[in-house]
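Commentary on secondary and tertiary structure
The residues making up each chain are set out below.
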Amino acid sequence: MLPKEIEQTIEAATRRYPQRRGACIEALQIVQRHHSWVSDDDLKELARLLQMTTDELDGVATFYNLIFRKPVGTHVILLCNSISCWIMGYERLREQVTARLGIAFGETSADGRFTLLPNVCLGACDHAPAMMVDEDLYGDVSPATLDPILHQYGCAGTPGKGDGERTTADHEHQAR
Amino acid sequence: MGNERPLTMNIRPGEPPPDLKGYERAGGYTAVRKALRDMTPKGVTALVKDSNLRGRGGAGFPTGLKWSFVPMGEEAPRPKYFIANADEMEPGTFKDRLLLEGNPHQLIEGMIVGSYAIEAEVAYIFLRWEYREAERLLTKAIAEAYAGGYLGRNILGSDYHLELHVHISAGRYMCGEETGLLNALEGKRATPRYKPPHPVISGLWGKPTVVNNVETLCNIPHIVNNGVEWFKGLSDTRDSGTKLYGVSGRVRRPGVWELPMGTTIGALLEEHAGGMRDGFRFHGLLPGGASTDFLTEAHLNVKMDFESVSKAGSRMGTGTMIILDDRTCPVGFVGNLEAFFAQESCGWCTPCREGLPWTAKILQALEEGSGQAGDLERLALHTKFLGPGLTFCPLAPGAMEPLGSALKYFREDFERHIRERRCPWR
Ligand code: SF4
Ligand code: FES
């Protein structure tokens with residue numbers, strides 16, 4: 001069962017569309033914000049709320065790459081693999097992330113902390129290569145700045161800055 | 001009179017955008033006032049038509065003309081919808097982000113005026129999920145606009161009503177295509193729809209709907225405030241207004257700038273982006289995102305406007321250029337693009353669903369040194385079979401633009417991959 005407050009947020013979302021199903025992509029996101037992914041049970045519940053069949057809703061859920069139908073780690077890394085980032089060193093960055101976390105695209109680290117996913121252009125090409133961790137955007141990511149970023153989200157294998165506190169230098173690498 | 005850079009004059013990178021008070025102090029929402037008080041909806045559309053404003057999302061369709069197709073008056077189907085396409089996802093494009101984060105009220109004002117012009121009751125901002133900061137700022141600005149009486153019922157005491165919502169999308173490039181976007185907004189897979197009927201006649205939930213790009217809409221308040229002649233005077237060319245141009249790749253200062261429409265490619269590259277970085281030479285460029293044809297050194301004097309770029313054999317697209325340098329492999333470059341398009345194909349029609357992965361595989365094979373005689377001919381064949389008119393939507397023909405032009409301008413580089421059985425850049 002979905003908690004009452006989630007149901008209420010979804011109800012509010014349906015009021016922004018003339019048909020209940022108009023809110024289904026938003027509803028999937030609302031569930032995902034709470035459960036980090038959309039399970040089969042959640043999907044069934046949602047379909048009932050939105051007056052859709054489960055298959056219909058799954059057809060939508062599986063179309064959109066930012067709806068997760070499999071469990072993900074505590075933090076989701078979206079690494080831009082589009083053209084400007086590719087030019088500016090995406091491949092090296094990808095190798096470094098993979099080496100640090102021991103995961104390839106689509107995988108979750110053994111400790112359940114990180115999931116690594118490719119993403120199309122993040123609209124930060126003037127700061128390529130770029131990536132997002134959860135809702136935070138990072139631009140001009142270099143081999144030197146990647147480790148402190150990962151460290152910030154609790155990657156044990158990466159050196160932090162000094163005692164590992166978040167420093168202002170970390171924030172300077174945020175694109176905007 | 002207006003400013004030379006109307007769209008960005010109130011944007012200070014690194015600072016929060018103007019709030020309602022700040023925006024009003026800078027002359028904000030006077031266009032809504034003027035339109036609702038002194039102009040008829042048809043009058044607004046006529047003004048925008050006269051201004052010669054063309055869509056800034058890539059296709060360049062005249063905005064006022066689009067609005068003029070919407071059925072008007074008592075008989076028109078209702079509600080009508082007005083949508084801002086803020087799903088900026090064309091690889092290499094990062095201009096709308098600046099407008100969304102830098103001055104959300106400007107977009108909202110443009111949307112109110114546009115909605116009034118077509119007598120829309122409901123408006124949506126279709127925003128890609130990754131633009132988190134924009135969502136936060138837009139939500140706040142919309143609440144302020146409601147509180148200020150610019151949205152909701154009886155706007156500024158008139159009998160015009162408008163509700164404005166933000167729709168947060170969940171990925172997929174197809175959402176940027178007008179009819180794919182409509183399906184996504186209806187809570188469906190973002191496959192494109194058959195046209196006709198065009199969305200202006202039968203769009204969202206079968207009702208008349210206008211979809212405009214963010215940058216396009218940000219021009220509207222300024223056109224209403226300052227008039228057609230002023231707007232035309234901003235430009236260095238026959239297409240009116242300013243344009244947000246961007247440059248990315250191995251240049252000294254990648255970035256985005258508002259400049260007169262028609263600024264030349266060379267000026268953008270040298271004066272604004274600071275030229276190539278030390279140790280890198282210019283080899284070519286895509287003028288406006290992934291789905292535009294390559295241009296080369298011979299085109300540095302070309303003006304970046306719709307007409308001039310298309311005369312040069314490409315398209316201005318989104319106006320955000322991607323630079324290919326001499327130390328980046330053109331085959332790898334195009335391979336990255338085709339892998340993107342293959343991934344983002346919605347799978348609806350066969351040439352695109354089957355053809356794009358095929359081109360991506362051939363390009364990958366060339367990169368890995370396993371290219372074969374005949375590969376370049378096979379690639380060329382695809383540029384024909386996936387060309388305009390042979391697929392259900394423009395994704396596939398768009399994907400063929402960089403490929404076809406690369407085969408033309410960088411043929412020797414492609415041939416070397418086959419001859420030497422390796423990528424000379426690796
Ligand atoms: S061209 Fe590609 S993206 Fe467009 S409808 Fe066909 S399969 Fe879908
Ligand atoms: S290509 Fe990576 S942010 Fe645009």
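Residues numbered from 1 in each chain as written. Chains lettered and ligands numbered in written order. Predicted model: local features only at pLDDT ≥ 70, side-chain atom pairs only at ≥ 80, totals over all residues. Heavy atoms only, no water.

Here we look at a nonpolar patch on the surface
Residue and element names in this part refer to chain B. A cluster of nonpolar side chains, namely Tyr 194, Trp 348 and Phe 392, defines an oily patch on the protein surface of about 390 Å² accessible area. Along the polypeptide, Tyr 194 turns up in the loop between helix H8 (178-185) and strand S4 (209-213). Taking the relative accessible area as the measure of exposure, Tyr 194 reaches 59% and is therefore exposed. (Patch = residues over 30% accessible without salt bridge, like charges linked within 9 Å, V, L, I, M, F, W, Y side chains within 5 Å. Areas by Shrake-Rupley, 256 points an atom, 1.4 Å probe, with all protein chains shown as cover. Salt bridge = Lys/Arg side-chain N within 4 Å of Asp/Glu carboxyl O. Helix = DSSP H or I, 4+ residues; strand = E, 2+ residues; numbered from the N terminus. Buried < 20%, exposed > 50% of the residue type's maximum accessible area, 1.4 Å probe, protein only.)

Looking at the site of ligand 1
Looking at ligand 1, there are 13 residues lining it, with Cys346(B), Trp348(B), Cys349(B), Cys352(B) and Cys393(B) nearest. In terms of residue class, the shell around ligand 1 is made up of 10 nonpolar, 3 polar and no charged. (Near = heavy atom within 4 Å. Nonpolar A, V, L, I, M, F, W, Y, C, P; charged D, E, K, R; others polar.)

Examining the packing of aromatic side chains
Applying the stated rule across the entire model yields 19 aromatic pairs over all chains. Taken together, the aromatic side chains of Tyr17(A), Tyr81(B), Tyr124(B) and Trp205(B) make up a single cluster linked through ring pairs. The ring of Phe280(B) carries Arg327(B) above its face, with NZ or CZ at 4.3 Å from the centroid. (Phe/Tyr/Trp six-rings, centres within 6.5 Å; stacked < 30°, edge-to-face > 60°. Lys NZ or Arg CZ within 6 Å of the ring centre and 35° of its normal.)

Let's talk about the sheet that holds strand S8 (residues 320-325) of chain B
All names here are of chain B. Strand order across the open sheet formed by 4 strands is S6-S5-S8-S7, with mixed pairing between neighbours. If you trace the sheet from one side to the other, it starts and ends with strand S6 (255-260) and strand S7 (282-286), each paired once. On average, each strand axis in the sheet is inclined to that of its neighbour by 30°, with strand direction left out of account. Bridge analysis of S7 against S8 gives 4 bridges, and the strand direction is antiparallel. Residue pairing in the sheet places Leu 285 in a bridge with Ile 323 of S8. (Pairing = 2+ DSSP bridges. Axes fitted to C-alpha atoms, helices over the stretch in contact; angles between N-to-C directions.)

Quick look at the domain arrangement of chain A
Looking at chain A, the domain boundaries give domain 1 (4-63) and domain 2 (75-153). For domain 1 of chain A and domain 2 of chain A, the distance between their C-alpha centres works out to 29 Å. (Domains from an automatic or database assignment.)

Quick look at the side chain of Asp42(A)
All names here are of chain A. The topology assignment puts Asp 42 in helix H3 (residues 40-50). Put simply, Asp 42 is tucked away with no salt bridge, and the nearest opposite charge, on Arg 69, sits 8.1 Å away. The residues touching Asp 42, leaving out its near neighbours within four places in the chain, are Leu 2, Val 31, His 35 and Trp 37. (Lys, Arg positive; Asp, Glu negative; His and termini not counted. Contact = heavy atoms within 4.5 Å.)

Points about the pairing of strand S1 (residues 75-80) of chain A
Residues and elements named next belong to chain A. Along S1, 6 of the 6 residues are buried, which leaves the element largely enclosed by surrounding structure. Of the two faces of S1, the one holding His 75, Ile 77 and Leu 79 and the one holding Val 76, Leu 78 and Cys 80 are both buried throughout. As defined by bridge partners, S1 adjoins strand S2 (residues 114-119) across 6 bridges and the pair is classed as parallel. For Ile 77, the partnering residue across the bridge sits in S2 and is Leu 116.

Some words on the pairing of strand S1 (residues 81-86) of chain B
Judged by how many residues are buried, S1(B) sits mostly within the fold: 6 of 6 residues are covered. Alternating positions in S1(B) separate into two faces, Tyr81(B), Ile83(B) and Asn85(B) on one and Phe82(B), Ala84(B) and Ala86(B) on the other, with burial throughout.

Notes on the sheet that holds S4(B)
Note: strands within a sheet are paired through backbone hydrogen bonds, in either parallel or antiparallel orientation. Residue and element names in this part refer to chain B. Spatially, 4 strands are ordered S3-S2-S1-S4 in an open sheet, and the strand pairing comes out parallel. Sheet topology places strand S3 (163-168) and S4 at the edges, where each strand pairs with a single neighbour. Averaged over all adjacent pairs, the angle separating strand axes in this sheet is 20°, with direction ignored. Across 5 bridges, S1 lies against S4 in parallel orientation. Across the sheet, Tyr 81 pairs through a bridge with Thr 209, a residue of S4. In this fold helix H9 (residues 214-226) packs onto S1 and S4, with an angle of close to 95° to the strand it touches most, S4.

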